[in-house]
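Chain residues, written in single-letter form:
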Amino acid sequence: MQIIDRVIHADQSERLAIYLNDHRAGASGGLALARRCEQSNRDNSLGRYLTGFIAELEDEVEVLEKAMGDLDITRNVAKYAAAAAAEKVGRLKLNGQLTGYSPLSRVLELETLVSAVSAKGQLWRTLSQLANPELAETDWEALVKKGELQRRNLMRHHAKAVPEAFD
């Protein structure tokens, strides 16, 4: 019975490591996208918003990395490389013009960031449900609420971007 308990526990630990590495890799891709979007929108309110948003994301990555460290989970370098490659491939999408940034680029980037922030909120909710003493000191609910505010702000910018792209 003790061997079965160890196998089950190892299986749970492995799943948690996979889950957290997936989210950490996604955070890398999301940060890269947010930075690229900020660069392309420096002259407008979206770019100004993204400057603060990026700082928040960087702080949240530190929270995730601390949780991974507290749980003794090592980073999966291959997942980070795949996330970086996916973000770069995402730059090649057709956006209605041959070169440069278009209003459609802004819409698609904001939609991707909204999805990423929603996924991050689920991560915080999941971590809050784990009965793990290493995770108990983090205020997961505050992170969930911050993510909800980020999502609303991104949606507000998206609502402004849609008419610019399609009207």
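Summarised in this report is the structure supplied together with it. (Residues numbered from 1 in each chain as written. Predicted model: local features only at pLDDT ≥ 70, side-chain atom pairs only at ≥ 80, totals over all residues. Heavy atoms only, no water.)

## Regarding the pattern of salt bridges
Line of reasoning, step 1. With the rule as written, the count across this model stands at 10 salt bridges.
Line of reasoning, step 2. The residue R106 makes a salt bridge to E164 at a minimum N-O spacing of 3.2 Å. One end of the pair, R106, is in helix α4 (residues 103–129); the other, E164, is in helix α5 (residues 140–166), with 58 residues separating them in the sequence.
Line of reasoning, step 3. R106 gets classed as buried once you look at its relative accessible area, which sits at 13%.
Line of reasoning, step 4. When its relative accessible area of 47% is taken as the criterion, E164 is described as partly exposed.
Line of reasoning, step 5. Ionic contacts of the salt-bridge type, sharing partners, join the residues R24, E65 and R75 into one network. (Salt bridge = Lys/Arg side-chain N within 4 Å of Asp/Glu carboxyl O. Helix = DSSP H or I, 4+ residues; strand = E, 2+ residues; numbered from the N terminus. Buried < 20%, exposed > 50% of the residue type's maximum accessible area, 1.4 Å probe, protein only.)

## Topic: the side chain of R24
Line of reasoning, step 1. The residue R24 is located in helix α1 (residues 2–40) in this model.
Line of reasoning, step 2. Of note is the side chain of R24, whose polar atom sits 2.7 Å from the side chain of S28. (Polar contact = N/O pair within 3.5 Å; in protein donor to acceptor, adjacent residues only side chain to side chain.)

## Re the side chain of S102
Line of reasoning, step 1. Mapped onto the fold, S102 is located in the loop between α3 (77–90) and α4.
Line of reasoning, step 2. In this structure the side chain of S102 is engaged in a polar contact, spanning 3.1 Å, whose partner is the backbone nitrogen of L104.

## Let's talk about the nonpolar core
Line of reasoning, step 1. Of all hydrophobic cores here, the largest spans 18 residues; its most connected members are A34, L50, F53, L113 and L154.
Line of reasoning, step 2. Counting residues per element, the ones that place at least two in this core are α1, α2 (45–70), α4 and α5.
Line of reasoning, step 3. The element that contributes the greatest number of residues to this core is α2, accounting for seven residues.
Line of reasoning, step 4. Excluding residues that lie within four positions of it along the chain, L50 makes contacts with A34, C37, E38, L113 and L154.
Line of reasoning, step 5. M68, L71, L123 and W140 belong to the second-largest nonpolar core, a separate cluster that totals 15 residues. (Core = buried A, V, L, I, M, F, W, Y, C linked by side-chain atoms within 4.5 Å. Contact = heavy atoms within 4.5 Å.)

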